[in-house]
Amino acid sequence: FDKPWFIDLFSAGTAGLLADAYNLFKEPIDAVSPLVLRRMERLMEERIMAPFMQNLYWWSGLAGRDTCNWGPWILSNVLTVFGVFCKDEARRDAAVSFACLQLDQFIKLYGEDGGCDEGPGYWGHAAASLFDCLCILSDLTRGAFDTLFDEPLVRNLAEYICHAHVGGEYFANYEDARFHARVSYDLVYRFGKKIKSRMMEQFGVALYRLYIDKDGGTLKTMPNTHAHYRYMSQLCSFAELDAAGEGAFPLEESVFLPQLEMIAERQTGGSTQGLYLSAKAGRNNISHNHNDIGSFVLFSDGSPVLVDIGSGQYTSKTFSDSRYEIFWTTGAYHNLPVFNGVDQKVCTEKETRGVSYEKNDGVTVFSADIARCYPASAGVTDWQRTFTFDRVQNCVRLEDKGTFAPVSYTHL
């Protein structure tokens, strides 16, 4: 309120919604009172367009701090505002270029595998918002940005959500994610069409059918007022999804994302029958971080056996210095060891060592040394955690092997 020049998620989302209303209903609104539209035009200039061009916000990735899902999420709405309200072509071009520079900062956060370190719960605001931006940029330029959908990294960013899927509504819910998640099925389908991924198209159709069934035959949709372009696109997609047939979940047999350091293994590809294991390494200093290096989830016949507790309701502590006072962010409430009463910590460096992945003759082995995730007070010098997924014997083995630091005693 005291900083009207600051653009956050919801000021940008509200502006995008109003821009679409202005664009779609300009004539009937003007017939009631021309002052409404003039007021909107002035506010868009004061609250969005001028501030965007005059400031480097933290979420831009250009102000000395990494961006996160905020970047593309906000930019999708800012681009909509400039597309509708900015009549100066040179200024609009400059705004588009500035937005693209910020989107580059977002893309740079990702490894080649496209894995979302914010977890599957934020894929819908991260990679999916990048998709919104690319679609809007193509709309503004008569398709000039469509070639970006052929980039391998864009494809990998998109397909991560398939890689994290366990079955039905279940996902390997690392970081701030719940294992029961609703994904934008139409966006998944449209993203798949753009990148020519049959797997994503199939996944989108299967989600659409699942949600119809869960909702008792009538799909419940709610306007996403902070990603309104996406909601309007959804309204235009129902006929195509209805005509796409039943659809079946892809359910990949084996996934390894080397930069994200995550695996997903199931007994048989295309089926939830048998065992499913997902495990991760990575680092404990990311957006929506949980101190969970070395954690895993295990399912049997599509049902949870050993779970990640996921995230709870956000409070004032969630994104504060008190974040790790919340139990569901700590390693103790993941499937991890606690040494001498000491839990994992946040670290600015990459903590894992000796990460390896091998798959031979139906047996997958994934291993990482997670000792550096713990402070010195934990007293552990190395801790190799190894997962073996054995399709031949239909079992999962977890082996922990480590060394503790010598203890010195003071004799009185």
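Nothing here was measured: the structure is a model prediction, and the numbers come from that model.

## Structural notes on the overall build of the protein
And then number 1: Each helix and strand in the protein was counted, giving 10 helices and 11 strands.
And then number 2: For the protein, the C-alpha radius of gyration of 23 Å lies close to 22 Å, the compact-globule estimate for 412 residues.
And then number 3: Referenced to the eigenvectors of the C-alpha coordinate spread, the extents of the protein come out at roughly 85 × 60 × 35 Å.
And then number 4: Residue burial in the protein is summarised as follows: out of 412 residues, 50% are buried.
And then number 5: Considering only contacts within the protein whose residues lie at least 6 apart along the sequence, 65% involve residues at least 24 apart.
And then number 6: If you sum the accessible surface of the protein, you get close to 19,400 Å²; carbon and sulfur atoms cover 53% of it.

## Some remarks on the nonpolar core
Soluble globular proteins tend to pack their nonpolar side chains together in the buried interior.
And then number 1: By size, the foremost hydrophobic cluster in this structure holds 87 residues, and its most contacted members are Phe52, Phe85, Trp123, Phe191 and Met200.
And then number 2: Examining the composition of this core, we find that 10 residues originate from one element, helix H8 (residues 198–214), more than from any other.
And then number 3: When near neighbours in sequence (up to four residues on either side) are disregarded, Phe191 contacts Trp123, Ala127, Phe131, Phe149, Val154, Ala158 and Met200.
And then number 4: Counting residues in each nonpolar core, the second largest holds 22 residues, with Leu275, Ala281, Ala371 and Val380 among its members.

## Section: helix H1 (residues 9–32)
And then number 1: The largest bend in H1 comes to about 85 degrees, at Phe25, with the proline Pro28 one to four residues further on.
And then number 2: All buried positions along H1 are accounted for by Leu9, Ser11, Ala12, Gly13, Ala15, Gly16, Ala19, Asp20 and Tyr22.
And then number 3: Looking at the buried residues of H1, the elements they touch are helix H2 (34–54), helix H3 (70–85) and helix H9 (228–235).
And then number 4: For H1, the N-terminal capping position is held by Asp8, with its side-chain oxygen 3.0 Å away from the main-chain nitrogen of Phe10.

## Let's talk about the sheet that holds strand S5 (residues 275–280)
And then number 1: With antiparallel pairing, the five strands of this open sheet are ordered in space as S3-S4-S5-S6-S7. The open sheet has two edge strands, strand S3 (254–257) and strand S7 (303–306), and neither has a second partner. If you compare each strand with its neighbour and ignore which way they point, the axes differ by 15 degrees on average.
And then number 2: Bridge count for S3 against strand S4 (residues 262–266) is four bridges, and the pairing is antiparallel. Across the sheet, Phe256 pairs through a bridge with Ile263, a residue of S4.

## Some remarks on unusual backbone geometry
And then number 1: In this structure, Arg142 is a non-glycine residue whose phi angle is positive, near 55 degrees.
And then number 2: Of note, Arg142 is situated in the loop between helix H5 (127–140) and helix H6 (152–163).
And then number 3: Although it is not a glycine, Leu251 sits at a positive phi angle of roughly 50 degrees.
And then number 4: Of note, Leu251 is situated in the loop between helix H10 (238–242) and S3.

## Things to note about the pairing of S4
And then number 1: The element S4 is extensively covered by neighbouring structure, given that five of its five residues are classed as buried.
And then number 2: Going residue by residue along S4, you find Met262, Ala264 and Arg266 tucked away on one face and Ile263 and Glu265 tucked away on the opposite face as well.
And then number 3: The hairpin formed by S3 and S4 contains four residues between the paired strands, and Glu261 there has a positive phi angle of roughly 60 degrees.
And then number 4: Both S4 and S5 contribute to a ladder of five bridges, which runs antiparallel. Its bridge partner being in S5, Arg266 is matched across the sheet by Tyr276.

## As for the pairing of strand S9 (residues 363–369)
And then number 1: Most of S9 sits inside the fold, with five of its seven residues counted as buried.
And then number 2: Looking at chain direction, strand S8 (residues 353–360) and S9 are connected through six bridges and run antiparallel. What sits directly across from Arg353, in S9, is Asp369.
And then number 3: Here S8 folds back onto S9, and the loop between the two strands holds two residues, one of which, Asp361, carries a positive phi near 50 degrees.
And then number 4: Relative to strand S10 (residues 380–390), S9 is paired through seven bridges, and the arrangement is antiparallel.

## As for the packing of aromatic side chains
And then number 1: This model, assessed by the stated rule, comprises 28 aromatic pairs.
And then number 2: Seen in terms of ring centroids, Phe52 and Phe98 are 5.1 Å apart; in terms of plane orientation they differ by 50 degrees. Their pairing is tilted. Linking Phe52 in helix H2 with Phe98 in helix H4 (residues 89–107), this pair joins segments that are 46 residues apart in sequence.
And then number 3: Residue class for Phe52 comes out buried when judged on its relative accessible area of 1%.
And then number 4: By relative accessible area, which is 17% here, Phe98 ends up buried.
And then number 5: Chaining the aromatic ring pairs together yields one cluster made of Phe256, Phe296, Tyr357, Phe366 and Phe387.

## Topic: the environment of Leu235
And then number 1: Along the polypeptide, Leu235 turns up in helix H9.
And then number 2: As for Leu235 and Tyr110, which are separated by 125 residues in sequence, their C-alpha atoms are 31 Å apart.

## Points about the side chain of Thr67
And then number 1: Structurally, Thr67 is set in the loop between H2 and H3.
And then number 2: Separated by 2.5 Å, the side chain of Thr67 and the backbone oxygen of Trp59 make a polar contact.
And then number 3: Not counting residues within four places of it along the chain, the set of residues in contact with Thr67 comprises Trp59, Ser60, Gly61, Gln105, Phe106 and Leu109.

## Some details on H5
And then number 1: Here H5 contains 14 residues, and its C-alpha end-to-end distance of 20 Å stays within 8% of the 20 Å for a straight helix at 1.5 Å per residue.
And then number 2: Among the 14 residues that make up H5, 12 are buried, leaving the element largely enclosed by the rest of the structure.
And then number 3: Every buried residue belonging to H5 is among Ala127, Ala128, Ser129, Leu130, Phe131, Asp132, Cys133, Leu134, Cys135, Ile136, Leu137 and Ser138, and all of these are buried.
And then number 4: Buried positions along H5 lie against H3, H4, H6, helix H7 (185–195) and H9.
And then number 5: Where H5 ends, the next residue or the one after it, Arg142, has phi of about 55 degrees, a positive value.

Calculation notes
Residues numbered from 1 in each chain as written. Predicted model: local features only at pLDDT ≥ 70, side-chain atom pairs only at ≥ 80, totals over all residues. Heavy atoms only, no water. Helix = DSSP H or I, 4+ residues; strand = E, 2+ residues; numbered from the N terminus. Rg over C-alpha atoms; globule rule 2.2 N^0.38 Å. Buried < 20%, exposed > 50% of the residue type's maximum accessible area, 1.4 Å probe, protein only. Contact = heavy atoms within 4.5 Å. Areas by Shrake-Rupley, 256 points an atom, 1.4 Å probe, with all protein chains shown as cover. Core = buried A, V, L, I, M, F, W, Y, C linked by side-chain atoms within 4.5 Å. Bend = angle between axes of the 7 residues up to and from the residue. Polar contact = N/O pair within 3.5 Å; in protein donor to acceptor, adjacent residues only side chain to side chain. Pairing = 2+ DSSP bridges. Axes fitted to C-alpha atoms, helices over the stretch in contact; angles between N-to-C directions. Phe/Tyr/Trp six-rings, centres within 6.5 Å; stacked < 30°, edge-to-face > 60°. Expected span 1.5 Å × (residues − 1).

Purely geometric stuff here, so don't read any function into it on its own.
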